[in-house]
Amino acid sequence: MAAGAPVEEYPQEIDEQLTTFDSSANAVKAMLEKLMSLSRNDLVQKLDPLDQAKLDLMSVYTLNSLFWMYLVTQGINPREHGIKQELERIRTYMNRVKEITDKKKAARLDKGAASRFLRNALYEPEDKEFKKAASKKSADTPPEGPHRKRPKES
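All values reported here derive from a predicted model rather than from experimental measurement.

Visitor: Please provide a residue-by-residue account of the packing of helix α3 (residues 49–73) against helix α4 (residues 83–105), values included.
Guide: At a minimum axis separation of 10 Å, α3 and α4 run at an interaxial angle of 155°. The angle between α3 and α4 falls in the class roughly antiparallel. The crossing of α3 and α4 is left-handed. Contacts between α3 and α4 pair Leu50, Ala53, Lys54, Leu57, Val60, Tyr61, Asn64, Ser65, Phe67, Trp68 and Leu71 from the former with Ile83, Lys84, Glu86, Leu87, Ile90, Arg91, Tyr93, Met94, Val97, Ile100, Thr101 and Lys104 from the latter. Here the contact of α3 with α4 is built from residues that sort into 15 nonpolar, 3 polar and 5 charged.

Visitor: Can you tell me about the packing of aromatic side chains, naming the residues and giving the values?
Guide: According to the stated counting rule, one finds 1 aromatic pair in the structure shown. Ring centres of Phe67 and Tyr70 lie 6.1 Å apart, and the angle between their planes is 25°; this geometry places the pair in the stacked category. With Phe67 and Tyr70 both in helix α3, this residue pair falls 3 residues apart, about one helical turn. A relative accessible area of 34% means that Phe67 is categorised as partly exposed.

Visitor: Explain the layout of surface pockets to me, using residue names and the numbers behind them.
Guide: As a volume, the largest pocket reaches approximately 270 Å³. Around the largest pocket, the lining residues are Leu32, Leu35, Met36, Leu38, Arg40, Leu43, Leu55, Asp56, Met58, Ser59, Thr62 and Leu63. Counting residues per element, the ones that place at least two in the lining of the largest pocket are α1 (15–37), α2 (40–45) and α3. Looking at the lining of the largest pocket, the element that brings in the most residues is α3, giving 6 residues. Of the residues belonging to the lining of the largest pocket, the class tally is 8 nonpolar, 2 polar and 2 charged. Two domains each provide a minimum of three residues to the lining of the largest pocket, namely domain 1 (16–46) and domain 2 (48–104). The computed volume of the second largest pocket comes to approximately 160 Å³. For the second largest pocket, the full set of lining residues is Phe21, Ser24, Ala25, Val28, Thr62, Ser65, Leu66 and Met69.

Visitor: Explain the pattern of salt bridges to me, using residue names and the numbers behind them.
Guide: Counted by the stated rule, this structure contains 2 salt bridges. Between Glu86 and Arg89 there is a salt bridge; the shortest N-O distance is 2.7 Å. You can see Glu86 and its partner Arg89 sitting in helix α4, 3 residues apart, about one turn around the helix.

So, how was this worked out
- Residues numbered from 1 in each chain as written.
- Predicted model: local features only at pLDDT ≥ 70, side-chain atom pairs only at ≥ 80, totals over all residues.
- Heavy atoms only, no water.
- Axes fitted to C-alpha atoms, helices over the stretch in contact; angles between N-to-C directions.
- Helix = DSSP H or I, 4+ residues; strand = E, 2+ residues; numbered from the N terminus.
- Parallel < 35°, antiparallel > 145°, perpendicular 65-115°, else oblique.
- Left-handed = near helix turned anticlockwise from the far one by under 90°.
- Contact = heavy atoms within 4.5 Å.
- Nonpolar A, V, L, I, M, F, W, Y, C, P; charged D, E, K, R; others polar.
- Phe/Tyr/Trp six-rings, centres within 6.5 Å; stacked < 30°, edge-to-face > 60°.
- Buried < 20%, exposed > 50% of the residue type's maximum accessible area, 1.4 Å probe, protein only.
- 1 Å grid on protein atoms, 1.4 Å probe; cavity = no way out; pocket = protein on both sides within 12 Å on 5 of 7 lines; lining within 4 Å.
- Points joined across faces, edges and corners; volume = space filled by probe spheres on them.
- Domains from an automatic or database assignment.
- Salt bridge = Lys/Arg side-chain N within 4 Å of Asp/Glu carboxyl O.

Structure (structure tokens):
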């Protein structure tokens, strides 16, 4: 404000809210300046298509949200303005991108690993001599737990 200009009085109850709003507006301004200082082509070339879509959606949503706030400051009800439908349309695209991202992160079945796991878990040796040696070895070593009675073989 200019020096000597009259300062308007406002209720002290909203002083904290105004201070918070001012700091938030300054933070948005700083982020936008940082984003605008970068060349869009340079930024987009470094991103994969999904991240490009996220960047575009974030930019469009931010601009429309700022326009929503502008309408509120001008005394226009944004719920009766076309901006509401535009924000809803952008949200649907954001949800689509989120679904795609979630599908990418979802666990996938490695069929080869699963088949190897099952094959090894259900493995039974075909060699009769190996079976005899394994059964003889298990019969010679005492069990580590409490002694159990063996079932009678018929």
